[in-house]
Amino acid sequence: MHILGLALAIVGSLLATTAGAQTSCAPDGRPIDPYYANDTFAEWPQEAQRFKANGELVSRQHDRLRLVLDGGKSIELVDCPYGDDGYHFLYERYDQAGRFYVVRKSAHHDFSYVLVMMPTGKLYTTHGAPVWTSEKSKFLTIGCSLQPARNALIIHAPAGEALATEAEFELPCDAESCSARWDHQSWISVTCVPRDGSGKKGKEFVLMRGSNGTWNRFGR
């Protein structure tokens, strides 16, 4: 009964989408995902603790995550609890360097981050959390998984009130798990480890930014 009551409340709130809400979700005859209530009830209390760092900027009302934008405006990210392709949003943090919110988007068979720009409310999807240079001039994200298939390291840079992609490199994620670190704002070290647990050494290489602004890969 408790889950049924929650489901009915969610349906009502989704049908009453307000201006500024970001959602393309509709029931379309799909049932409520039975795991939605359990997942969100477990995660919302932890999310509420993260609110405390920016309590005046972020709030939640059931399935709606509200984020304050510049100029007194706001945007709402609305969960979609319907069917196998449903998803829900979880607030992670406000990134002062990029002036964007970092929000997790979780689904049964997918996982991503949504970066919400505070000046404009524009949304950018990445498949890894932002990792900044020490100078905060740019950041990288890594998506490296088998299911769903992700195999890219992307270098992003703020561009006014938007984000620009400086470079993108393919990673060997079908056979290895990769990580990266900034050694300098123009130098990234990438280390990969075989997924088979063999203990063998994986691929290692560096990404370097030349004087002309172009990023290049060096190493095996």
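So, here is what we can say about the structure in this document. (Residues numbered from 1 in each chain as written. Predicted model: local features only at pLDDT ≥ 70, side-chain atom pairs only at ≥ 80, totals over all residues. Heavy atoms only, no water.)

Where burial is concerned, the two faces of strand β2 (residues 58-61) differ: the one with V58 and R60 is buried and the one with S59 and Q61 is not. Relative to strand β3 (residues 64-68), β2 runs antiparallel, the two sharing four bridges. By the bridge assignment, S59 is partnered in β3 with R66. Hairpin connection of β2 to β3: two residues between the antiparallel strands, including H62 at a positive phi of 55 degrees. (Buried < 20%, exposed > 50% of the residue type's maximum accessible area, 1.4 Å probe, protein only. Helix = DSSP H or I, 4+ residues; strand = E, 2+ residues; numbered from the N terminus. Pairing = 2+ DSSP bridges.)

Strand pairing in a sheet takes place through backbone hydrogen bonds and is either antiparallel or parallel in direction. Reading across the sheet, the four strands line up as β5-β6-β7-β8 and stay open at both edges, with antiparallel pairing between neighbours. The open sheet has two edge strands, β5 (87-95) and β8 (123-126), and neither has a second partner. Strand-to-strand twist across the sheet, computed as the mean angle between neighbouring axes with direction ignored, equals 25 degrees. Bridge count for strand β7 (residues 110-117) against β8 is four bridges, and the pairing is antiparallel. What sits directly across from V114, in β8, is T125. Contacts from helix α2 (residues 34-51) reach β5 and β6 (100-107), with the element oriented near 10 degrees to β5. (Axes fitted to C-alpha atoms, helices over the stretch in contact; angles between N-to-C directions. Contact = heavy atoms within 4.5 Å.)

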